[in-house]
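Summary of the model geometry
One-letter residues, chain by chain:
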Amino acid sequence: MALLQIAEPGMSPAPHEHRLAVGIDLGTTNSLVATVRSGMAVVLADSLGRPLLPSVVRYHAGGKVEVGYAAQAKQAIDPKNTIASAKRFMGRGLKDVAHSESAPYDFVDAPGMVQVRTVAGTKSPVEVSSEILKVLRERAELSLQGNISGAVITVPAYFDDAQRQATKDAGKLAGLNVLRLLNEPTAAAIAYGLENASEGTYAVYDLGGGTFDLSILKLSRGVFEVVATSGDSMLGGDDFDQRVFCWAVEQAKLPPLGARDMRLLQMKAREAKEYLTFHGEAPLTAKLSSGELVDLSLDTETFCSITQTLVNKTLVPVRKALRDAGLTVEDIKGVVMVGGATRMPQVQRAVAEFFRRDPLNNLDPDKVVALGAAMQANVLAGNKPQGEDWLLLDVIPLSLGVETMGGLAEKIIARNTTIPAAKAQEFTTFKDGQTGMSFHVVQGERELVSDCRSLARFELKGIPPMAAGAARIRVTYQVDADGLLHVSARESTSGVEASVAVKPSYGLADADIERMLRDSFEHAKEDVHARALAEYRVDGQRLLEATRAALSQDEQMLDADERELIRHSMLSLEKLLPGSDHRAIKQAVDALNRATEEFAQRRMDAGIRRALAGKKIGSL
Amino acid sequence: MQSHFDLFGLPPAFALDKEALEKAYREIQSQVHPDRFAHAGDAERRASLQWTTRVNEAYRILKDPVQRAKHILELHGVDVEFETNTQMPTDFLLQQLELREELEAAQQKKDASLLDALKKSLEGQKQLLESEIGNAIDQKKNYAGAAGPVRKLMFLDRLDSEIDSAYEEIE
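Here the structure is a predicted model, which means the values were calculated and not measured.

Below, the discussion takes up the overall build of chain B. Tallying secondary structure elements over chain B gives seven helices and zero strands in all. When the helices and strands of chain B are read in sequence order from the N terminus, they spell out α-α-α-α-α-α-α. Here the C-alpha radius of gyration of chain B, 20 Å, is well above what a compact globule of 171 residues would show, namely 16 Å. Each principal axis of the C-alpha atoms in chain B carries an extent, and together these give about 55 × 45 × 30 Å. Relative to its 171 residues, chain B shows a buried fraction of 36%. In chain B, the proportion of contacts linking residues at least 24 apart, taken out of those at least 6 apart, comes to 60%.

Quick look at the structure:
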């Protein structure tokens, strides 16, 4: 975007050192970490040169945790303590988990999110995921020889608020500064688009281990704009394994299986599926604990016919996204295939048939998401000068609504609205002296609240007592750039900020997160205060750096008093930073943030004016 | 209040230069988007979030013919009365009734091609209404007179989204 370079004289960004930033693809089956090194996005491999980390976590009685290949190898031996596909349970209650009956775990239907009982105690999917993220963080720190300043973690585009929040919590729990949650198909589009300098409208067909996404993006120089996204967060490669597993049970006329046999046969089913990608027929043999030998052979034709409905199921969201975008198949310039499950020939064929063109496979479908995430992390960390970076415009996948009279959901933000987005609603009291009000926020497209996903219930408290109908309460629903919802409320006649206590229907309350953090510290014998101090120092340092850069660009926007106040706040923060009082540092950070509030607004205004001035110059 | 047109430096007309809007939108976004401030302080991140939200909202409104017309009318003190004014000319209502019957028939027969045909004819009607609205607003400056066709267009939009839900049901 060359026009952005029209800048006032002397407005050169302050130089800063290169920040280490990573992109993490936290997958259902495998996870990866990537970074941008000397301008190139690369996946970071483990000490044995393996790029993938199987998303499997095994808990031992002593508190030891195994992650990856080592844990995967023990799945059949220790199925109850070896958690695979935890992503399927993120932000979900037990009743929402598909095939929970054939998963070998001891599920605990905890309020909020399903948990799993292991020898090391009850674990939530957030904790399991954070173990995977910790291993990736350590891998990156070892490989890059330094602390990671920030991470972009990818999520399926069709993840709802609870699933996104759970992912962000897992990142925090793993000690990562989560710069952004990035939608997986969008990440793939960045990697693909930048690699091939593509222009035009593209579809990204992303069939992962446990989720399916279809996004339609407009790519034009420097801008990636998602126009529509759709999907199924309960459909993926795992379901193909499940079909093969059921077929095997039926063919071999097996009685109900124990956890070990079930796990073993599921692994064999997966191997057979993968084998069929390159062969016409796959052996499926397993020796059960009873001594019985299962010895079957699965051919391509049978495999296609038992999975036909799954393949067709992916085309429903494809059609929906096209309709939402107001486009037809002819408008799509290319289809990018993402996710290991797209290797299956019948999937390739179905996509080619639907779009009437061969899908694009020139990037490794396992790595493309992590690579795109790394590129975005590099931009967010500020490692690319303005003009060389790009702009990403993403959307909210599911409509947000509030419950109204009669159990109906009133839409407040429609699906496929570009984020960040906000909507304000006004309410009034219906009783004299009423000081509270309760709300129920849901996500989904259906009219009845009971058919949508309950996101959160919240209560407004502290409304000043007034006559019925006199209070004006303005509730603002804000969806941020991560696709996460924030609610705030204000009584406008008195200006009183009503307190909003949001109780997530799924997901974890802040108290749970705190407990998990404490647990993980106890285990790691890390000091909570030391960690807090380190975090606030990084925060303070970042804020000082940003403020210095802002001042060097736009100091003239401030009058002498304002400048003095900011300088004073900077000075006190600088003095406190080397100390060990983390509360004082936090206060100084807050003070500097307050002091720069007005300045930030003015800089934004100026940015907009610059953009418009640039346009006029450009269109001459 | 600054109008959505002012925000993008565009003339406040119903006829829209889509390319100019898109260009201005992207240029402003590249200045204010949260991705530019991921490492900034809270104050800047908050300001960025507010501005981006505002810019996205303005863009969404201007892109959509009904919302764009409503915004222009409001700038001229005319309330479109979406919620309150349900009076419609009889011939328009009869036509709506017919279209809805066609929709139901297509739904019952689970026939996507009937939905395609319905959508196509709706598209034609929408274009006619849009040129009527453009004429009233941009040429005649008859803002009060534009309210009726805008309400009609909104009716058609609703039908359009019902057709989309019908596709989903059929699938």
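Having seen it, we continue.
Moving on, we get to the sheet that holds strand β10 (residues 121-123) of chain A. Residues and elements named next belong to chain A. In space, the three strands of this open sheet follow the order β8-β9-β10, with antiparallel pairing throughout. Strands at the two margins of the open sheet, each flanked by one partner only, are β8 (106-108) and β10. Each strand axis lies, on average, 35° off the axis of its neighbour in the sheet, ignoring direction. In the sheet, β8 pairs with strand β9 (residues 115-118) via three bridges, with the strands oriented antiparallel. Counted as the bridge partner of Asp 106 is Arg 117 from β9.

Turning to the packing of helix α7 (residues 300-325) of chain A against helix α8 (residues 345-355) of chain A, a few remarks are in order. Residue and element names in this part refer to chain A. At a minimum axis separation of 10 Å, α7 and α8 run at an interaxial angle of 40°. By the angle class used here, α7 and α8 are oblique. Where α7 crosses over α8, the two elements pack in a sense that is right-handed. Between α7, through Cys 304, Thr 307, Val 311, Leu 315 and Val 318, and α8, the contact on the second element is made entirely by Gln 346, Val 347, Ala 350 and Phe 354. The residue makeup of the contact of α7 with α8, split by class, is seven nonpolar, two polar and no charged.

Each partner contributes residues to the interface: chain A has 42 residues there, and chain B has 33 residues. When contributions to the side of chain A that touches chain B are tallied by element, the ones reaching two or more residues are β12 (178-183), α7, α9 (368-380), β19 (391-393), β22 (421-427), α11 (528-554) and α14 (597-618) of chain A. By residue class, the composition of the side of chain A that touches chain B is 23 nonpolar, 10 polar and nine charged.

Let's shift gears to the sheet that holds β19 of chain A. Residue and element names in this part refer to chain A. Taking strand neighbours across the sheet as the criterion, the five strands line up as β18-β13-β14-β15-β19 in an open arrangement whose pairing is mixed. Looking along the sheet, the strands with just one partner apiece sit at the ends: β18 (334-338) and β19. Here the strands of the sheet are splayed against their neighbours by 25° on average, with no regard to which way each runs. By the bridge criterion, five bridges tie strand β13 (residues 200-207) to β18 in an arrangement that is parallel. Bridge pairing links Val 204 to Val 336 in β18.

Another point: the domain arrangement of chain A. Along its sequence, chain A is carved into domain 1 (21-196 + 365-386), domain 2 (400-508) and domain 3 (527-615). Distance from the C-alpha centre of domain 1 of chain A to the C-alpha centre of domain 3 of chain A: 32 Å.

Turning next to the confidence of the model for chain B. Residues and elements named next belong to chain B. For chain B, the average pLDDT comes to 91, and 98% of its residues sit at 70 or higher. Least confident of the elements in chain B is helix α5 (residues 90-109), whose mean pLDDT is 89; most confident is helix α4 (residues 65-75), at 96. As a predicted assembly, this complex carries a pTM of 0.88 together with an ipTM value of 0.90.

This brings us to unusual backbone geometry. Residues and elements named next belong to chain A. The linkage connecting Ile 419 with the following residue, Pro 420, adopts the cis geometry, with an omega of 0°. For Pro 420, the location among the structural elements is in the loop between β21 (408-413) and β22. At Ser 85, a position not held by glycine, the phi torsion is positive, near 55°. Mapped onto the elements of the fold, Ser 85 is located in the loop between β7 (82-84) and β8. Judged by the 20 C-beta atoms lying within 10 Å of it, Ser 85 is buried.

Moving on, we come to the domain arrangement of chain B. Looking at chain B, the domain boundaries give domain 1 (4-63) and domain 2 (90-170). For domain 1 of chain B and domain 2 of chain B, the distance between their C-alpha centroids amounts to 30 Å.

All names here are of chain A. The first and last C-alpha atoms of helix α5 (residues 237-251) sit 21 Å apart over 15 residues, in line with the 21 Å expected at 1.5 Å per residue. By the burial criterion, the buried members of α5 are Gly 237, Asp 238, Asp 239, Phe 240, Asp 241, Val 244, Phe 245, Trp 247 and Ala 248. Where α5 is buried, its residues meet β13, α6 (259-276), β16 (281-287), β17 (293-299) and α7.

Close inspection of predicted coordinates is inappropriate for parts of the model with low pLDDT. Residues and elements named next belong to chain A. Averaged over all residues, the pLDDT of chain A equals 87, while 91% of them reach at least 70. Mean pLDDT values for the elements of chain A range from 63 in strand β27 (residues 497-504) up to 98 in strand β4 (residues 53-54). Low pLDDT (under 50) marks residues 1-15, which in the prediction has 22 contacts with non-local residues, meaning those over four places away or in another chain. Segment residues 615-620: pLDDT under 50, and seven contacts once partners within four positions in sequence are set aside and those in other chains are kept.

Moving on to the pairing of strand β23 (residues 437-443) of chain A. Pairing geometry for strand β20 (residues 400-404) of chain A and β23 of chain A, over three bridges, is antiparallel. Following the sheet pairing, Leu 400 of chain A is matched in β23 of chain A by Gln 443 of chain A.

Now for α4 of chain B. By the burial criterion, the buried members of α4 of chain B are Pro 65, Val 66, Arg 68, Ala 69, Lys 70, Ile 72 and Leu 73 of chain B. Backbone geometry just downstream of α4 of chain B places Gly 77 of chain B in the positive-phi region, at approximately 75°.

Attention shifts here to the pairing of strand β25 (residues 473-479) of chain A. All names here are of chain A. The pairing of β22 with β25 spans seven bridges and is classified as antiparallel. Across the sheet, residue Phe 427 finds its bridge partner in β25, namely Ile 473. Sheet topology note: the β25/strand β26 (residues 485-491) ladder contains seven bridges and is antiparallel. In the sheet register, Val 475 faces β26, and the bridge partner there is Ala 489.

Procedures and definitions
- Residues numbered from 1 in each chain as written.
- Chains lettered and ligands numbered in written order.
- Predicted model: local features only at pLDDT ≥ 70, side-chain atom pairs only at ≥ 80, totals over all residues.
- Helix = DSSP H or I, 4+ residues; strand = E, 2+ residues; numbered from the N terminus.
- Rg over C-alpha atoms; globule rule 2.2 N^0.38 Å.
- Buried ≥ 20, exposed ≤ 12 C-beta atoms within 10 Å, placed from the backbone.
- Contact = placed C-beta atoms within 7 Å.
- Pairing = 2+ DSSP bridges.
- Axes fitted to C-alpha atoms, helices over the stretch in contact; angles between N-to-C directions.
- Parallel < 35°, antiparallel > 145°, perpendicular 65-115°, else oblique.
- Left-handed = near helix turned anticlockwise from the far one by under 90°.
- Nonpolar A, V, L, I, M, F, W, Y, C, P; charged D, E, K, R; others polar.
- Domains from an automatic or database assignment.
- pLDDT = per-residue confidence, 0-100.
- Expected span 1.5 Å × (residues − 1).

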